[in-house]
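# Geometric and topological summary
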Amino acid sequence: MSTTTVPSDITNSRLAPAGKLRIEWADQHMPVLAQIRKRFAQEKPLSGLRISACLHVTCETANLMRTLQAGGAEVTLVASNPLSTQDDVAASLVDDYGISVFARRGEDNETYYDHLKSALDVHPHITMDDGADLVSMLHKDRTELIPELKGSTEETTTGVNRLRAMARDGALKMPVIAVNESETKHLFDNRYGTGQSTIDGIIRATNLLLAGKNLVVVGYGWCGKGVASRGKGLGANVIVVEINPVRAIEALMDGHRVHSMSEAAPIGDIFVTVTGNKHVIRKKHFNSMKDGAIVCNSGHFDVELDLPGLRELAREDREVRSFVQEFKLLDGRRINVLGEGRLINLAAAEGHPASVMDMSFANQALAAEILAKSTERMPNVVHRVPEDIDREVARLKLESMGATLEVLTPEQEKYINTWEEGT
Ligand SMILES: NC(=O)c1ccc[n+]([C@@H]2O[C@H](COP(=O)([O-])OP(=O)(O)OC[C@H]3O[C@@H](n4cnc5c(N)ncnc54)[C@H](O)[C@@H]3O)[C@@H](O)[C@H]2O)c1
């Protein structure tokens, strides 16, 4: 299909051919999603529905949008972060696939929120979020749309945390399916996807050698474990900062050092935050860092580094390379912030590799199908993707990777389900 008639706000439609090539390249590594797309094209489970998605506009997301469209949905896509949009992909989605996209890489905050409004102006039946921005806008400014909605899906940890807080306060007025909580999502996307692509972002931005460097990973959740293990694999000395004692022991036994942020600040060469929390690196930490320290974030929002605080400490700043802003402190020390403190894997690299997004977005497509097929509106709480879907996604992925599962014998099946047999 080639059309330019769908409503859109993108940077440059001439980028479409390059975007199409990248979408097709990613598609080759997303076999589970491709199978779902094939079934959706036959069964049309999303027929007649408008779906508005607020996700990183990457080539993997493009293949999810194609899948929803194949299922019969009318799709609108907006960015879930001002710096994560791949403009060529946005152009191809509009030109080659006739999908409405409102996203420009580097858009300012006002444009970002205008684009969110455009996603809601179509009166969606289903929304998809990565960070809960659409759900949040629906609850703050567009409450009249909520009764028309079957529900929403949520991609990331920070979004799920926000939604659970809303549900706890009785403020959540629509059902949400937490895709992040599928095992086939967070065990792979957060760990291996964020792990590899965060290191990729740091290397692309700086071209530094990681071997021998002190790499401080703040937060040892699924993302932090991934960043730490990939950093260690490249020869970095990993130092983990955690507030949760169980995760801190895990880090120790995985072979990393564990320190408080104040202890880590003067010894780190490169710092990565992945906590989902605010100001985990702040003024007092910046104040004790080495000259030339590199600081970046791969958590969802750009609040993990206290950049206003750093600006107060700095006498000047300048861009020394693409994605590298050098802040010179009063005593002459330099601190380099990568990607404006936004998700470094999407700002300076290309986000998660397609192969992990295959499973995350298979869950997204199947979660949308659950919402579409619900005849009565689901309760206004945060739901999990059913376990059988999680297992099925894993089974299909395994198959595509050429691995075979062992099957229980009848004797084994009986043994693990009875209590009589002992020593
Ligand atoms: N970059 C990406 O593409 C990407 C992908 C997936 C998730 N995320 C985001 O990354 C963040 C982390 O996700 P996750 O799945 O690892 O979450 P998680 O909840 O598994 O882990 C977060 C960890 O940070 C720790 N923490 C919280 N505050 C801290 C502090 N002040 N100092 C040190 N540690 C602290 C917590 O104890 C926890 O162990 C979230 O914002 C999530 O949305 C980003």
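Below, the structure is looked at part by part. (Residues numbered from 1 in each chain as written. Predicted model: local features only at pLDDT ≥ 70, side-chain atom pairs only at ≥ 80, totals over all residues. Heavy atoms only, no water.)

### Comments concerning the site of the ligand
Within the structure, the ligand sits among 26 residues, and T156, T157, T158, E242 and S298 are positioned closest to it. In the model, an oxygen atom of the ligand is placed 2.9 Å from a nitrogen or oxygen of the N190 side chain. Note that an oxygen atom of the ligand is positioned 3.0 Å from one of the backbone N or O atoms of H300. The fraction of the free accessible surface of the ligand (870 Å²) that becomes covered by protein chains is 87%. Put simply, the parts of the chain that give the shell around the ligand at least two residues each are α7 (157–168), α8 (183–206) and α9 (222–233). Residues belonging to the shell around the ligand are distributed by class as follows: eight nonpolar, 16 polar and two charged. (Near = heavy atom within 4 Å. Polar contact = N/O pair within 3.5 Å; in protein donor to acceptor, adjacent residues only side chain to side chain. Areas by Shrake-Rupley, 256 points an atom, 1.4 Å probe, with all protein chains shown as cover. Helix = DSSP H or I, 4+ residues; strand = E, 2+ residues; numbered from the N terminus. Nonpolar A, V, L, I, M, F, W, Y, C, P; charged D, E, K, R; others polar.)

### Details of the packing of aromatic side chains
Taken as a whole, this structure holds two aromatic pairs when the rule is applied. Relative to Y113, the ring of Y112 lies with its centre 5.1 Å away and its plane at 90 degrees, an arrangement referred to as edge-to-face. For Y112, a relative accessible area of 4% gives the class buried. In this structure, K225 is placed above the aromatic ring of W222, and the distance from its NZ or CZ to the ring centre is 5.1 Å. (Phe/Tyr/Trp six-rings, centres within 6.5 Å; stacked < 30°, edge-to-face > 60°. Buried < 20%, exposed > 50% of the residue type's maximum accessible area, 1.4 Å probe, protein only. Lys NZ or Arg CZ within 6 Å of the ring centre and 35° of its normal.)

### Thoughts on the sheet that holds strand β1 (residues 50–54)
On the basis of which strands lie adjacent, the open sheet formed by seven strands has the order β3-β2-β1-β4-β5-β6-β15 and parallel pairing. Bordering the open sheet on either side are β3 (100–102) and β15 (382–384), each of which pairs with just one other strand. When strand polarity is set aside, the average angle formed by the axes of neighbouring strands in this sheet is 20 degrees. Both strand β5 (residues 151–154) and strand β6 (residues 176–178) contribute to a ladder of three bridges, which runs parallel. Bridge pairing in β6 places E154 opposite A178. Where helix α5 (residues 109–121) meets the sheet, it contacts β1, β2 (74–78), β3 and β4 (126–129), and its direction lies at approximately 170 degrees from that of β2. Sheet strands touched by α7: β5, β6 and β15. Its angle to β5, the strand with the most contacts, is close to 135 degrees. (Pairing = 2+ DSSP bridges. Axes fitted to C-alpha atoms, helices over the stretch in contact; angles between N-to-C directions. Contact = heavy atoms within 4.5 Å.)

### Details of the nonpolar core
Among the nonpolar cores identified, the biggest contains 54 residues, and L64, M65, L68, L77, L93, V101 and M128 are the most heavily contacted of them. Looking at this core, the element that brings in the most residues is helix α15 (residues 354–373), giving 11 residues. Look past the residues within four positions of L93 in its chain and what remains in contact with it is A62, M65, L77, G98, I99 and V101. (Core = buried A, V, L, I, M, F, W, Y, C linked by side-chain atoms within 4.5 Å.)

### Focus on the packing of α15 against helix α16 (residues 387–400)
Orientation of α15 relative to α16, taken along the N-to-C sense of each, is 140 degrees, at an axis distance of 10 Å. Between α15 and α16 the crossing geometry is right-handed. Side by side, α15 and α16 meet where S355, D358, M359, A362, N363, L366 and I370 of the first sit next to I389, D390, V393 and K397 of the second. (Left-handed = near helix turned anticlockwise from the far one by under 90°.)

### Structural notes on unusual backbone geometry
Although it is not a glycine, A132 sits at a positive phi angle of roughly 65 degrees. By the secondary structure assignment, A132 is in the loop between β4 and α6 (133–140).

### Examining the side chain of K397
Topologically, K397 is positioned in helix α16. At 3.0 Å, the side chain of K397 forms a polar contact with the side chain of D358. Residues within four places of K397 in sequence aside, it is in contact with H29, P31, V32, S355, D358 and M359.

### Observations regarding the packing of α6 against α7
Running from amino to carboxyl end, α6 crosses α7 at an angle of 30 degrees, the nearest separation of the two axes being 10 Å. Our classification of the angle between α6 and α7 gives roughly parallel. The residues of α7 that touch α6, namely those facing D133, V135, S136 and H139, are R162, L163 and M166. Here the residues of the contact of α6 with α7 sort into three nonpolar, two polar and two charged. (Parallel < 35°, antiparallel > 145°, perpendicular 65-115°, else oblique.)

### Some remarks on the state of the cysteines
Within the structure shown, the criterion is met by zero disulfides. The closest cysteine sulfur to the non-disulfide-bonded C54 is located on C223, 18 Å from its own sulfur. With no disulfide of its own, C223 lies closest to C296 among cysteine sulfurs, the gap being 13 Å. (Disulfide = S-S within 2.5 Å.)

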